[in-house]
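Summary of structural features
What follows is each chain in one-letter form.
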Amino acid sequence: MKIFITELKRRKVTQSVLAYAVLGWLLIQVGIALETALNLPSSTDRWIIIIVVAGLPLAIVLSWFYNFSSKGIIRTKDLPDESIEAQRVLPKIEYRTPAPKKSIAILPFKNLDEGDEQSFLGNGVAQEILNALVKVKPLKVAGRISSFSLEDRNLPISEIGKMLNVSYILEGTVRKQDNKARITAELTQVEDGFHVWTETFDGDLTDIFKLQDEIAKSILEELEIILDVKQLRLVATMTNSLEAYEAFIKGRKFVQIQDGDGVLAEAISQLGKAVRIDPEFALAWAWLAMANFYLPEHNKVPNWKEYLEAGKTAAKMSYKLDPELSDANLALSYERLLELDIEGQFEARKRAHLLDPSSIPAMHEYGMAYGLMGLIKEGYPYIRDSNEREPFSASFSGSTGIFQWILGKDQMAYKSLDCTIDLGFVLCAISKSQMITSKGDPVRAHKYLLETLKKHKEDVPPEFKSRLVQKIFSLAINKNVRWAKKMIGKSLLKENNSLKKYSGLSLKSGILSLGEAKVYFDSVLEQPNTYLSGALFNLWTPTETAKSVRTHPEFPNFAQELGLVKLWQKHGWPPQIQPIPGSDGSNLQFICS
């Protein structure tokens, strides 16, 4: 209901209805006057009233879809999922330390011009400034996902600062006219709400990167942060084509939204346009790769293999153009993962993090690279730190919760998983119910899962909305009811054996949660998916089903074929897998527990 009311305001339906009511009243008054002056039939005013009242529903419908502007009547665009998320009540985050004095959050810049183009430009300007500032020490910069999630919430600066644990907030506006841009930036101190700095930057759109660089440096000067000689230029020139850049920032935003019909398809379209205009645009190639990799995980498409292949091609192109680009290495890590080159995946993610330690996604994926091979303790610092910098990322808080569960940090894990659910990823309730079961209370786990799925029913994916399916699934994974396991297992096996369907994270995780070891091994080795890290990472949870898979007679061969053994020999062995004393684990000489 809150989202509906917000949409009414955004689409200006109330104003349109009031305007119609005023116009209708005037027509009725004119009708009454003309009826007397021109001696019209006495029913004239009655018919005018009927027509005005009958036209009200039509006026409401039209005002929902269209709006008056300085450019005439324009169609009101539907909100992407990211904007709908702006209505979600965000969870309260407990930070380990108070906000550092030199810390900042950058909010999306607002657009002073009507139209779609400027909305993407404002978003892009803010993100480029954020990406520049995050590289500067000792400045702490709140992550993009968390900062941008507060857009359109109309919160006071003090509240935003408290939620993001920062001392300053940067806001701004963008106005575009022909090939000129005017960007106004405003820095506000959270403690007292005082505007400590405001400045307007004018320039050609062809110099957009120079303008962004000037803004970033002005902010650092205001915060009394001295740049290193190596950081004389904060915002690099990505492309010399303004048209390619505008297509890129559109595509990048859609990749970041991910969910929603046609969102990732539009991302691929825009990023494809960017690289067609500028084939040397390495960053656009990297994001094009990720858009193709993500699409089969988020949308059911029959030609999913084509997207994965297109993603691999784009990832390799990005890396070829700029092997020193962190995002190119990150995209390449997914290409390596899909080729089941686990060692290559690890090295690519490590390199992505080392090339840009300030990149939160690279930091998180480096932690996941450790997590997928069971080195949870080694990966946890990267997972924890990325989540602290992106407290409103459901993906990051979810993986943090499972890391904490495996490490025995139960209370922290419960909080992280609850946060994930509140942020919209309700299927994380399955992991929490398994955690409760692993603590010896399957009855409470079963009850908790069903109540949580009912409470957050708007976030439950379509294929899992049936209450009957939810009950049977919970009976299978929490109460270990044989007939329920058989029924769910048969359904998952049928879907997994269909080579026409994409075997994604949810399917592999479901198979693992039932303890179907051989099916799980085949699914990983024969149908690798984009989020394979998550599917492998779940192997190390302290559940009986995960243990049954790890101790299955075929697990050593699976680990050997996947390349895990080689990684263990190089980086260390997880607690559940230990080499036989006197051996290095070669020739399957290791013990699983």
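Reading guide: rules and limits
Residues numbered from 1 in each chain as written. Predicted model: local features only at pLDDT ≥ 70, side-chain atom pairs only at ≥ 80, totals over all residues. Heavy atoms only, no water. Helix = DSSP H or I, 4+ residues; strand = E, 2+ residues; numbered from the N terminus. Rg over C-alpha atoms; globule rule 2.2 N^0.38 Å. Buried < 20%, exposed > 50% of the residue type's maximum accessible area, 1.4 Å probe, protein only. Contact = heavy atoms within 4.5 Å. Areas by Shrake-Rupley, 256 points an atom, 1.4 Å probe, with all protein chains shown as cover. Patch = residues over 30% accessible without salt bridge, like charges linked within 9 Å, V, L, I, M, F, W, Y side chains within 5 Å. Salt bridge = Lys/Arg side-chain N within 4 Å of Asp/Glu carboxyl O. Core = buried A, V, L, I, M, F, W, Y, C linked by side-chain atoms within 4.5 Å. Polar contact = N/O pair within 3.5 Å; in protein donor to acceptor, adjacent residues only side chain to side chain. Pairing = 2+ DSSP bridges. Expected span 1.5 Å × (residues − 1). pLDDT = per-residue confidence, 0-100. Lys, Arg positive; Asp, Glu negative; His and termini not counted. Charge placed at Lys NZ, Arg CZ, Asp CG, Glu CD. Axes fitted to C-alpha atoms, helices over the stretch in contact; angles between N-to-C directions. Left-handed = near helix turned anticlockwise from the far one by under 90°. Nonpolar A, V, L, I, M, F, W, Y, C, P; charged D, E, K, R; others polar. Disulfide = S-S within 2.5 Å. Parallel < 35°, antiparallel > 145°, perpendicular 65-115°, else oblique.

**Considering the overall build of the protein**
Across its full length, the protein carries 28 helices and ten strands. The C-alpha atoms of the protein give 27 Å as radius of gyration, which agrees with the globular expectation for 593 residues (25 Å, within 12%). Across its three principal axes, the protein shows a C-alpha extent of roughly 110 × 65 × 45 Å. Split into buried and exposed, the 593 residues of the protein put 52% on the buried side. Within the protein, counting contacts between residues at least 6 apart in sequence, those at least 24 apart form 61% of the total. Carbon and sulfur atoms make up 56% of the accessible area of the protein, which amounts to about 28,800 Å² in all.

**Remarks on a nonpolar patch on the surface**
Together, V30, L34, L38 and L40 make up an exposed nonpolar region whose accessible area comes to about 330 Å². Tracing the sequence through the fold places L34 in helix α2 (residues 13-37). Looking at L34, the relative accessible area reads 39%, which means it is partly exposed.

**Digging into the pattern of salt bridges**
Applying the stated criterion to the full structure yields 20 salt bridges. Residues K180 and D204 are paired through a salt bridge, measuring 2.6 Å at the closest nitrogen-oxygen approach. Within this pair, whereas K180 is found in strand β7 (residues 180-189), its partner D204 is found in strand β8 (residues 195-204), the two being separated by 24 residues in sequence. Overall, D204 belongs to the partly exposed group, its relative accessible area being 26%. Here D341 and R336 are joined by a salt bridge, their closest N and O atoms 2.9 Å apart. The exposure class of D341 is partly exposed, given its relative accessible area of 26%. Each of E343, E347, K566 and K570 takes part in one network of salt bridges that share partners.

**Some words on the nonpolar core**
Core analysis: the largest hydrophobic core is formed by 76 residues, its most contacted members being I104, I106, F109, L133, L170, I219 and F248. Ignoring sequence-local partners within four residues, the contact set of F248 consists of M238, L271, A274, F281, L283, A284 and W287. If you look at the next biggest cluster of nonpolar residues, it comprises 70 residues, including I342, I488, L536 and A559.

**Notes on the side chain of S399**
Residue position: S399 is located in helix α17 (residues 394-406). Residue class for S399 comes out buried when judged on its relative accessible area of 7%. Looking at S399, its side chain comes within polar contact range of the side chain of H364, at 2.8 Å. A polar contact is formed between the side chain of S399 and the backbone oxygen of F396, at a distance of 3.1 Å. Contact partners of S399, with chain neighbours within four places excluded, come to H364, M368, I383 and F537.

**Focus on the pairing of strand β6 (residues 168-177)**
Side-chain positions along a regular strand alternate between the two faces of the sheet. Two strands pair when backbone bridges link them, and strand β3 (residues 103-106) and β6 are joined in this way by three bridges, in the parallel orientation. Note that in β6 the partner of A105 across the bridge is I169. Alignment of strand β4 (residues 110-111) against β6, held across two bridges, turns out to be parallel. Its bridge partner lying in β6, K110 is registered against T173. Bridge count between β6 and β7: ten bridges; the pairing is antiparallel. Within β7, the position partnered with L170 by the bridge is L187. Hairpin connection of β6 to β7: two residues between the antiparallel strands, including D178 at a positive phi of 55°.

**Brief notes about helix α13 (residues 326-338)**
The terminal C-alpha atoms of α13 lie 19 Å apart, and with 13 residues this matches the ideal 18 Å at 1.5 Å per residue to within 8%. Along α13, eleven of the 13 residues are buried, which leaves the element largely enclosed by surrounding structure. Among the residues making up α13, those that are buried are S326, A328, N329, L330, A331, L332, S333, Y334, E335, L337 and L338. Tucked inside the fold, the buried residues of α13 contact α11 (282-298), α12 (304-321), α14 (342-355), α15 (360-371) and α25 (532-537). In the segment just after α13, L340 is the residue with positive phi, at about 60°.

**Side note on the confidence of the model for the protein**
In the predicted model, the protein carries a mean pLDDT of 86, and 91% of its residues have values of at least 70. Predicted confidence for residues 79-86 stays below pLDDT 50, and this span has 16 contacts to residues more than four positions away or in other chains.

**Some points on a positive patch on the surface**
Together, K300, K486, K490, K494 and K501 make up a region of like positive charge exposed at the surface. Secondary-structure assignment places K300 in the loop between α11 and α12. On the basis of relative accessible area, K300 is assigned to the exposed category, the value being 75%.

**Points about the packing of α13 against α15**
Between two packed helices, the angle of one axis relative to the other and the distance separating the axes together describe the packing. Relative orientation of the contacting elements α13 and α15 amounts to 35°, with a least axis distance of 10 Å. Where α13 crosses over α15, the handedness of that crossing is left-handed. Between α13, through S326, L330 and Y334, and α15, the contact on the second element is made entirely by P361, A362 and E365. The residue makeup of the contact of α13 with α15, split by class, is four nonpolar, one polar and one charged.

**A look at the state of the cysteines**
Under the definition given, this model contains zero disulfides. With no disulfide of its own, C428 lies closest to C419 among cysteine sulfurs, the gap being 9.8 Å. Taking the relative accessible area as the measure of exposure, C428 reaches 4% and is therefore buried.

**Notes on a negative patch on the surface**
Negative charge collects at one region of the surface, where E199, D207, E214, E221, E222 and E224 lie side by side. Broken down by element, the residue count for the negative patch peaks at three residues, all from helix α8 (residues 208-222). Relative to the assigned elements, E221 resides in helix α8. A relative accessible area of 65% means that E221 is categorised as exposed.

**Some thoughts on α14**
Side chains three or four residues apart in an α-helix point the same way, a direct result of the helix having 3.6 residues per turn. With 14 residues, α14 should cover 20 Å at 1.5 Å per step; its first-to-last C-alpha distance of 20 Å lies within 8% of that length. Residues of α14 that are buried sit in contact with α13, α15, α16 (376-389), α25, α27 (555-562) and α28 (564-571).

**Examining the side chain of S513**
Checked against the element boundaries, S513 lands in helix α23 (residues 505-513). You can call S513 buried: its relative accessible area is 7%.

**Describing the packing of α17 against helix α19 (residues 428-438)**
Packing of α17 against α19 brings their axes to within 11 Å, and their N-to-C directions diverge by 10°. Taken together, the axis directions place α17 and α19 in an arrangement best described as roughly parallel. Mapping the contact onto sequence places G398, I402 and W405 in α17 and C428, S431, Q434, M435 and S438 in α19. Split into classes, the residues belonging to the contact of α17 with α19 amount to four nonpolar, four polar and no charged.

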